Amino acid sequence: QREMLKAVDRLSLCANEDPADLEALAYLGWALAEIDSACPAGQAFQKAIEGLKAKGDKKVDWAISNRESYWAKNFNAGVADIQAGQAAYAEFTKEPADDGEKALKAEAANKYASSIAALDRAACLRPGDARTARNLGTVYALLGDMLKAELILREGLVAAPGDTDLVSSLALVRRNYAGKLLDEKKYEEAIGFFEDLLKSSPNDADLHSGLADAYF
């Protein structure tokens, strides 16, 4: 760890003194990723990759490969924690019935928190990645925070317009949020959500049913 911190200091100095030293910048991204400074690492990798690509330098493949390996490590850890959280307590928004279920829900909460941390790092290392955004949105949806999930998915669509998985995930989150509003007796808000959803899915029976319940 001490040696890696020394590397970060020296490579930061190199990159600052000579911004054209793209190889030093790529090494800086590598060193920062090793000490879990994902966002600065992602910025260093991105600048190095863009610069090397513009120069036609073959080292760009090496820089991309390094970044991908750290992104994959964090992405896979985040997905594994989502699965572990679901396995521990399938319906997180449901109140536990006893102490045993409370312990399982607490375990799921820890797994989801770990997943968010890992996926946040993945998002920093590879900004705009649709798979990262979709899984991060999924965690917040499982936690019942539909507004945060929608925000993340919409940001993902700005970076990856038309991505079908993101579009489907966003529609599902909005559908679930409309149902949540209905359960909470926030009928006027629910009506607005159901009507908006019906614009893109006019023949969806479940949406019509939800809208009818809200009006009723």
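Before any of the text, the structure's been laid out above.
So, how was this worked out
- Residues numbered from 1 in each chain as written.
- Predicted model: local features only at pLDDT ≥ 70, side-chain atom pairs only at ≥ 80, totals over all residues.
- Heavy atoms only, no water.
- Helix = DSSP H or I, 4+ residues; strand = E, 2+ residues; numbered from the N terminus.
- Rg over C-alpha atoms; globule rule 2.2 N^0.38 Å.
- Buried < 20%, exposed > 50% of the residue type's maximum accessible area, 1.4 Å probe, protein only.
- Contact = heavy atoms within 4.5 Å.
- Areas by Shrake-Rupley, 256 points an atom, 1.4 Å probe, with all protein chains shown as cover.
- Lys, Arg positive; Asp, Glu negative; His and termini not counted.
- Charge placed at Lys NZ, Arg CZ, Asp CG, Glu CD.
- Expected span 1.5 Å × (residues − 1).
- Arc of directions from axis to C-beta.
- Phe/Tyr/Trp six-rings, centres within 6.5 Å; stacked < 30°, edge-to-face > 60°.
- Salt bridge = Lys/Arg side-chain N within 4 Å of Asp/Glu carboxyl O.
- Disulfide = S-S within 2.5 Å.
- Axes fitted to C-alpha atoms, helices over the stretch in contact; angles between N-to-C directions.
- Parallel < 35°, antiparallel > 145°, perpendicular 65-115°, else oblique.
- Left-handed = near helix turned anticlockwise from the far one by under 90°.
- Nonpolar A, V, L, I, M, F, W, Y, C, P; charged D, E, K, R; others polar.

### Topic: the overall build of the chain
Here is step 1 of the chain: When helices and strands are counted, the chain shows 10 helices and 0 strands.
Here is step 2 of the chain: Along the chain direction, N to C, the helices and strands of the chain fall in the order α-α-α-α-α-α-α-α-α-α.
Here is step 3 of the chain: For 216 residues, the compact-globule estimate of 2.2 N^0.38 gives 17 Å, and the C-alpha radius of gyration of the chain, at 22 Å, exceeds that figure by more than 25%.
Here is step 4 of the chain: Along the first, second and third principal axes, the C-alpha set of the chain runs to 70 × 45 × 20 Å.
Here is step 5 of the chain: Residue burial in the chain is summarised as follows: out of 216 residues, 40% are buried.
Here is step 6 of the chain: Partitioning the intrachain contacts of the chain with sequence separation of at least 6 by distance along the chain shows that 47% fall at a separation of at least 24.
Here is step 7 of the chain: Taken as a whole, the chain presents about 12200 Å² of accessible surface, with 52% of it coming from carbon and sulfur.
Here is step 8 of the chain: The centroid of the 26 positive side-chain charges in the chain is displaced by 4 Å from the centroid of its 35 negative side-chain charges.

### Comments concerning helix α7 (residues 146-159)
Here is step 1 of the chain: In a regular helix each residue adds 1.5 Å, so 14 residues correspond to 20 Å; α7 covers 20 Å between its end C-alpha atoms and thus fits that length.
Here is step 2 of the chain: Listing the buried residues of α7 in full gives Met-146, Ala-149, Glu-150, Ile-152, Leu-153, Gly-156 and Leu-157. One face of α7 carries all of its buried residues, which in axial projection span an arc of 165°.
Here is step 3 of the chain: The elements touched by buried residues of α7 are α6 (130-142), α8 (164-183) and α9 (187-200).

### So, the packing of aromatic side chains
Here is step 1 of the chain: Evaluation of the coordinates by the stated rule reveals 6 aromatic pairs.
Here is step 2 of the chain: For the ring pair Trp-30 and Trp-62, a centre distance of 6.3 Å and an interplane angle of 70° mean the geometry is edge-to-face. In this pair, Trp-30 sits in helix α2 (residues 22-34) while Trp-62 sits in helix α4 (residues 59-88), placing the two residues 32 residues apart along the sequence.
Here is step 3 of the chain: Judged by its relative accessible area of 31%, Trp-30 falls in the partly exposed class.

### Regarding the pattern of salt bridges
Here is step 1 of the chain: Under the counting rule described, the total for this entry stands at 12 salt bridges.
Here is step 2 of the chain: A salt bridge links Arg-126 to Glu-68; its shortest N-O distance comes to 2.9 Å. Within this pair, whereas Arg-126 is found in the loop between α5 (99-125) and α6, its partner Glu-68 is found in helix α4, the two being separated by 58 residues in sequence.
Here is step 3 of the chain: The partly exposed category is assigned to Glu-68, whose relative accessible area is 24%.
Here is step 4 of the chain: The residue Asp-196 makes a salt bridge to Arg-174 at a minimum N-O spacing of 2.5 Å. In this pair, Asp-196 sits in helix α9 while Arg-174 sits in helix α8, placing the two residues 22 residues apart along the sequence.

### Re the state of the cysteines
Here is step 1 of the chain: Following the criterion strictly, the structure yields 1 disulfide and no others.
Here is step 2 of the chain: Shown here is the disulfide that connects Cys-39 with Cys-124, its sulfur atoms set 1.8 Å apart. One end of the pair, Cys-39, is in helix α3 (residues 38-55); the other, Cys-124, is in helix α5, and 85 residues separate them in sequence.

### Considerations on the packing of α8 against α9
Here is step 1 of the chain: Between α8 and α9, the shortest axis-to-axis distance is 8 Å and the interhelical angle comes to 155°. The orientation of α8 with respect to α9, classified from their angle, is roughly antiparallel. Viewed along their axes, α8 and α9 form a crossing whose handedness is left-handed. From α8, Ala-171, Arg-174, Arg-175, Tyr-177, Ala-178, Gly-179, Leu-181 and Leu-182 reach across to α9, where they touch Tyr-187, Glu-189, Ala-190, Phe-193, Phe-194, Asp-196 and Leu-197.
Here is step 2 of the chain: Classifying every residue of the contact of α8 with α9 gives 10 nonpolar, 1 polar and 4 charged.

### Re the packing of α6 against α8
Describing two packed helices takes the angle between their axes plus the distance from one axis to the other.
Here is step 1 of the chain: Following both chains from N to C, one finds α6 and α8 inclined at 15°, their axes separated by 10 Å at the closest point. By the criterion of interaxial angle, the relationship of α6 to α8 is roughly parallel. By crossing handedness, the relation of α6 to α8 is classed as left-handed. Here Ala-130, Ala-133, Arg-134 and Ala-141 of α6 come into contact with α8, specifically with Asp-165, Leu-166, Ser-169 and Val-173.
Here is step 2 of the chain: Taken together, the residues of the contact of α6 with α8 break down into 5 nonpolar, 1 polar and 2 charged.

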